[in-house]
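Here are the chains, one letter per residue:
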Amino acid sequence: FTVLVYTIDGVRRTDKVLVESAQTLGASDWDVLTKVIWPSSIPYIVSGLKVGVSIGLMCTISSEMIASTSGLGYMILTASQLFDPGTTVIGILVIGVIGIAFDFDSEEFRRESSGRWKSFIRIFFLDGGVLESSDNYFIERCLSAIDVNN
């Protein structure tokens, strides 16, 4: 559900100037969706995935603590009840490593996909002859909409 909410927000925050510019240049609805809206909403989708996976991981581990006889949550709860701080800390560290690994992977995905769309925009609009190199305002708006640092 969080991914859906973040995706809708990302689509709504797509710069209207970019959409209207693409339509003016003759882009079809499919082109606008795949080449303007999708790239500009990638950061929001990845943020939704981060939140969704975090909530899912918390729910999984807490449900393992309550109603399971196996899993990481069960191991942590059992170790704490048996006064085994080493196993408890190891379990907590494993949860942290899983979170860090997912965060790293999602950031890499966002960087790669944003970089790919930036290259596409440069090639399509400048090298494809759609715009002159003097039309830098439009190009910069496109690139800032899918900027990696957003």
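See the structure above.
Below is a summary of the structure that appears in this document. A quick note: this is a predicted structure, and the numbers were derived from the prediction, not measured. (Residues numbered from 1 in each chain as written. Predicted model: local features only at pLDDT ≥ 70, side-chain atom pairs only at ≥ 80, totals over all residues. Heavy atoms only, no water.)

1. So, the overall build of the chain
Then step 1. For the chain, the helix and strand inventory stands at six helices and zero strands.
Then step 2. Across the chain, helices and strands are ordered from the amino to the carboxyl terminus as α-α-α-α-α-α.
Then step 3. Per-residue burial over the chain gives 28% buried out of 150 residues.
Then step 4. Nonlocal contacts in the chain, meaning residues at least 24 apart in sequence, comprise 58% of its contacts between residues at least 6 apart.
Then step 5. As displayed, the chain offers around 9400 Å² of accessible surface, 65% of which is attributable to carbon and sulfur atoms. (Helix = DSSP H or I, 4+ residues; strand = E, 2+ residues; numbered from the N terminus. Buried < 20%, exposed > 50% of the residue type's maximum accessible area, 1.4 Å probe, protein only. Contact = heavy atoms within 4.5 Å. Areas by Shrake-Rupley, 256 points an atom, 1.4 Å probe, with all protein chains shown as cover.)

2. Examining the packing of helix H3 (residues 29–67) against helix H4 (residues 72–81)
Then step 1. One way to put it is that H3 packs onto H4 with a least axis distance of 7 Å and a crossing angle of 55°. By the angle between their axes, H3 is oblique relative to H4. Read as a crossing pair, H3 and H4 show a hand that is right-handed. Together, Ile61, Glu64 and Met65 of H3 and Leu72, Gly73, Tyr74, Ile76 and Leu77 of H4 make up the contact between the two elements. (Axes fitted to C-alpha atoms, helices over the stretch in contact; angles between N-to-C directions. Parallel < 35°, antiparallel > 145°, perpendicular 65-115°, else oblique. Left-handed = near helix turned anticlockwise from the far one by under 90°.)

3. What to know about the side chain of Thr88
Then step 1. Assignment of secondary structure puts Thr88 in helix H5 (residues 85–127).
Then step 2. Overall, the relative accessible area of 13% leaves Thr88 in the buried class.
Then step 3. At 3.0 Å, the side chain of Thr88 forms a polar contact with the backbone oxygen of Asp84.
Then step 4. Apart from the residues lying within four places of it in its own chain, the contact partners of Thr88 are Ile76, Ala79 and Ser80. (Polar contact = N/O pair within 3.5 Å; in protein donor to acceptor, adjacent residues only side chain to side chain.)

4. Re the environment of Glu107
Then step 1. Its location among the elements puts Glu107 in helix H5.
Then step 2. A C-alpha to C-alpha distance of 9.6 Å links Glu107 and Lys50, two positions 57 residues apart in sequence.

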